Amino acid sequence: MPSLRYADQVVIITGGSSGIGRGCAQEFVQAGAKVVICCNNEAEGSAVAAELRASALAQAAGDAVFIFCDVRKLEDVQNLIEATVARYGRIDCLINNAGWHPPHKPIDEFSVADFRDLLDLNLVSVFTACKFALPYLRQTRGNIINMSSLVAVIGQHNAPTYVATKGALTAFTKALAIDEAVHGVRVNSVSPGNIYTPLWQAAIDAAPDPLACRAEGEAAQLLGRMGCVEEVGRLCLFIAAEATFTTGVDHIISGGAELGYGRKS
Ligand SMILES: NC(=O)c1ccc[n+]([C@@H]2O[C@H](COP(=O)([O-])OP(=O)(O)OC[C@H]3O[C@@H](n4cnc5c(N)ncnc54)[C@H](O)[C@@H]3O)[C@@H](O)[C@H]2O)c1
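Residues numbered from 1 in each chain as written. Predicted model: local features only at pLDDT ≥ 70, side-chain atom pairs only at ≥ 80, totals over all residues. Heavy atoms only, no water.

*Asks:* Any details on the pairing of strand β2 (residues 34-39)? Residues and values, ideally.
*Replies:* Counting buried positions over the six residues of β2 gives five, a clear majority of the element. Pairing analysis gives five bridges linking strand β1 (residues 10-14) to β2, with the strands arranged parallel. In the sheet register, T14 faces β2, and the bridge partner there is C38. In the classification by handedness, the crossover that spans β1, the intervening helix α1 (residues 19-30) and the parallel β2 is right-handed. Note that β2 and strand β3 (residues 63-68) share six bridges and pair parallel. By the bridge assignment for β3, I37 is matched with F66. With helix α2 (residues 42-59) bridging β2 and the parallel β3, this β-α-β connection has right-handed handedness. (Buried < 20%, exposed > 50% of the residue type's maximum accessible area, 1.4 Å probe, protein only. Helix = DSSP H or I, 4+ residues; strand = E, 2+ residues; numbered from the N terminus. Pairing = 2+ DSSP bridges. Right-handed = clockwise from strand over helix to strand, strands pointing away.)

*Asks:* Go over the pattern of salt bridges, please, and point to the residues and values.
*Replies:* According to the stated counting rule, one finds nine salt bridges in the structure shown. Taking the shortest distance from any N to any O, the salt bridge between K34 and D8 comes out at 3.8 Å. Pair noted here: K34 is in strand β2 and D8 is in the segment before β1, with a separation of 26 residues, a long-range link. According to the relative accessible area criterion, K34 is partly exposed, its value standing at 26%. For R72, the salt bridge identified is with D70, shortest N-O distance 2.8 Å. (Salt bridge = Lys/Arg side-chain N within 4 Å of Asp/Glu carboxyl O.)

*Asks:* Could you give an account of the environment of V11, naming the residues involved and the relevant values?
*Replies:* Mapped onto the secondary structure, V11 falls in strand β1. It is 10 Å that separates the C-alpha atoms of V11 and C24, two residues lying 13 residues apart in sequence. With residues near it in sequence (within four places) discarded, V11 still touches Y6, F28, A33, K34, V35, V36, C93 and I95. (Contact = heavy atoms within 4.5 Å.)

*Asks:* Please give an account of the packing of aromatic side chains that cites residues and values.
*Replies:* The tally for this structure, following the rule as stated, stands at two aromatic pairs. When the ring of Y6 is compared with that of F28, the centres are 5.6 Å apart and the planes differ by 75 degrees; the resulting orientation is edge-to-face. Placement of Y6 in the segment before β1 and of F28 in helix α1 is noted, with a sequence separation of 22 residues between them. Taking the centre distance of 6.3 Å and the plane angle of 50 degrees together, the rings of F127 and F172 count as tilted. Remark: F172 occurs in helix α6 (residues 160-180) and F127 occurs in helix α4 (residues 112-140); sequence separation between them is 45 residues. Judged by relative accessible area, which is 46%, F127 ranks as partly exposed. Seen from the ring of F110, K105 lies directly overhead, with NZ or CZ sitting 5.0 Å from the centre. Its guanidinium or amino end placed over the ring of Y196, R214 lies 4.2 Å from that ring's centre, counting from NZ or CZ. (Phe/Tyr/Trp six-rings, centres within 6.5 Å; stacked < 30°, edge-to-face > 60°. Lys NZ or Arg CZ within 6 Å of the ring centre and 35° of its normal.)

*Asks:* Lay out the layout of surface pockets with the relevant residues and their values.
*Replies:* The volume enclosed by the second largest pocket comes to roughly 170 Å³. Lining of the second largest pocket is provided by R72, W100, P102, K105, F110, D114, F115, D117, L118, D120, L121 and T161. The leading source of residues in the lining of the second largest pocket is α4, at six residues. Considering only residue class, the lining of the second largest pocket consists of six nonpolar, one polar and five charged. (1 Å grid on protein atoms, 1.4 Å probe; cavity = no way out; pocket = protein on both sides within 12 Å on 5 of 7 lines; lining within 4 Å. Points joined across faces, edges and corners; volume = space filled by probe spheres on them. Nonpolar A, V, L, I, M, F, W, Y, C, P; charged D, E, K, R; others polar.)

*Asks:* Help me get a handle on the sheet that holds strand β6 (residues 186-192), residues and values and all.
*Replies:* The seven strands lie next to each other as β3-β2-β1-β4-β5-β6-β7, forming an open sheet whose pairing is parallel. Lying at the two open borders of the sheet, with one neighbouring strand each, are β3 and β7 (250-253). On average, adjacent strands in this sheet sit at an angle of 20 degrees to one another, irrespective of strand direction. Here β1 runs beside strand β4 (residues 93-96); their pairing, made up of three bridges, is parallel. Note on β4: the bridge partner recorded for I12 is L94. Contacting β4 and β5 (143-147), α4 runs over the sheet at an angle of about 175 degrees to β4. (Axes fitted to C-alpha atoms, helices over the stretch in contact; angles between N-to-C directions.)

*Asks:* For the site of the ligand, give the residues involved together with the corresponding values.
*Replies:* In the neighbourhood of the ligand, 28 residues make up the surrounding shell, with S18, I20, N97, Y162 and T197 lying closest. G15 places a main-chain nitrogen or oxygen 3.2 Å from an oxygen atom of the ligand. R72 places a polar side-chain atom, nitrogen or oxygen, 3.5 Å from a nitrogen atom of the ligand. Its free accessible area being 830 Å², the ligand has 91% of it covered by the protein chains. Broken down by secondary-structure element, the contributors of at least two residues to the shell around the ligand are α1, α6 and α7 (198-206). By residue class, the composition of the shell around the ligand is 13 nonpolar, 12 polar and three charged. (Near = heavy atom within 4 Å. Polar contact = N/O pair within 3.5 Å; in protein donor to acceptor, adjacent residues only side chain to side chain. Areas by Shrake-Rupley, 256 points an atom, 1.4 Å probe, with all protein chains shown as cover.)

Following this line, the structure appears as structure tokens:
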């Protein structure tokens, strides 16, 4: 039986129904946490929460529940926080993971409205969730983990809007870490490189040559493969449960993708 490293701690994971968020939810439930997953897809969220609950029961560890929330909507985010506290009485960790990477294209093909919409989803939603969860996180001296991206620091081809949202998220994390230290709340970011998820699969499906696209995705890492969602979940669990002297740090999990020179022109 896995050790209950985060027993009875209450964790909110936005976008916890798929990909990295789902991987985080699995790891936290196994560690004994009470996990609230949210997303804006009722059917998917309910089904994943039921699976997580069943695995929690089987292992006598943790709990999981789904709360509908479109993180772009202020009232939904407020409800997510209040409903979590109404159910479990506290919040120990907030993982702001919900986000989206639009298809790759040059700046000429993004409208200003496209950029504003993505800022709402990838950045303003995180500000909102932090703002409303912090009064509770200060009570428990809890922690926040913001899901940023490796491309926030190294950039990415044909992704100016996405990279801007993630760069801002990494910077926001550091600023908030400074302010919240006095309350004993730690604020960190996690910056994945290529992690194989439904979002990555959608990019493969949309590529002119899907097999070549997947092979490129695998070859971008020194370790010769993409990461898996459980690996990101375990890093988040370590940050929440054990990294108690760590705040304002951007934790890259990339299989070495950013190291060394490659052909750039
Ligand atoms: N997969 C990667 O390689 C990778 C790399 C770096 C960063 N990331 C980041 O990790 C996070 C998760 O990515 P993923 O690959 O697991 O994607 P995914 O598409 O598999 O999962 C995204 C989750 O966010 C939820 N979501 C989307 N819009 C929402 C909204 N408006 N309100 C509430 N929930 C919403 C979805 O329902 C889903 O649960 C994203 O922030 C992404 O930018 C992913």
